[in-house]
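A look at the structure
One-letter residues, chain by chain:
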Amino acid sequence: FLPHQMMMRAPSPTPPPTPAPAPEELRLSDLDWVGDLGAGGFARVSKARHRRTGAVFALKTAHYGGPGGAANEEAEVLRRAAGSPHVVDCHAMLRGPAGEPAFALEFMDAGSLGRVLCRRRGGGVPEPALAEAAAHCVVGLAQLHSRGVAHLDVKPDNFLASSRGEIKISDFNTSRILYGSAGEHLQVPITAGTGAYFSPER
């Protein structure tokens, strides 16, 4: 399947994921830091393990302020996207010591498509694997759009892969909700994103 083809690695059996604790049972103090996964202008993401159950999460700690505002917008986007098979699951929204938002997200163990492409830069990527990756990405975006969400930062670094062959959309700090609870159209700014990946009309 795709991540194996793109990384040119023989498939290996993967154990079923450990069930995550229920959201109401998740506490930041129960998570042990395992390692850094990455950082950007808006957040830092770490690998964390739940002390009691052993469940592994990608813990995203946001830099964009305390309670309210952008954090609530991202939480609402993740709530609307819940259950979409091509969108990273959010298990809980937690709060750090200073009130900063921290999202306990599904851990995708093969990393981003951006990193996969960098590793394959010299050898190229088989066209069938690219086609399959693109199909997963388009389905994930369609799922978001059907729930009134515009991602607004579509690029390889924001699509994550697992060793089970899944590809899911991540990173919703610049995403916007296009439709209100009554289905009304909302006006939203679309100036955020990554310049190299803007569509020409933007």
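Residues numbered from 1 in each chain as written. Predicted model: local features only at pLDDT ≥ 70, side-chain atom pairs only at ≥ 80, totals over all residues. Heavy atoms only, no water.

**Considering the sheet that holds strand β6 (residues 111-112)**
Overall, antiparallel pairing links the three strands, which are arranged β6-β8-β9 in an open sheet. Bordering the open sheet on either side are β6 and β9 (167-169), each of which pairs with just one other strand. Pairing analysis gives three bridges linking strand β8 (residues 159-161) to β9, with the strands arranged antiparallel. Residue F159 lies in a different strand from β9, and its bridge partner there is I169. (Pairing = 2+ DSSP bridges. Helix = DSSP H or I, 4+ residues; strand = E, 2+ residues; numbered from the N terminus.)

**Remarks on unusual backbone geometry**
Even without being glycine, L152 reaches a positive phi, approximately 75°. Assignment of secondary structure puts L152 in the loop between β7 (149-150) and β8. Residue D171 is not a glycine yet carries a positive backbone phi of 65°. With respect to the secondary-structure elements, D171 resides in the loop between β9 and β10 (176-177).

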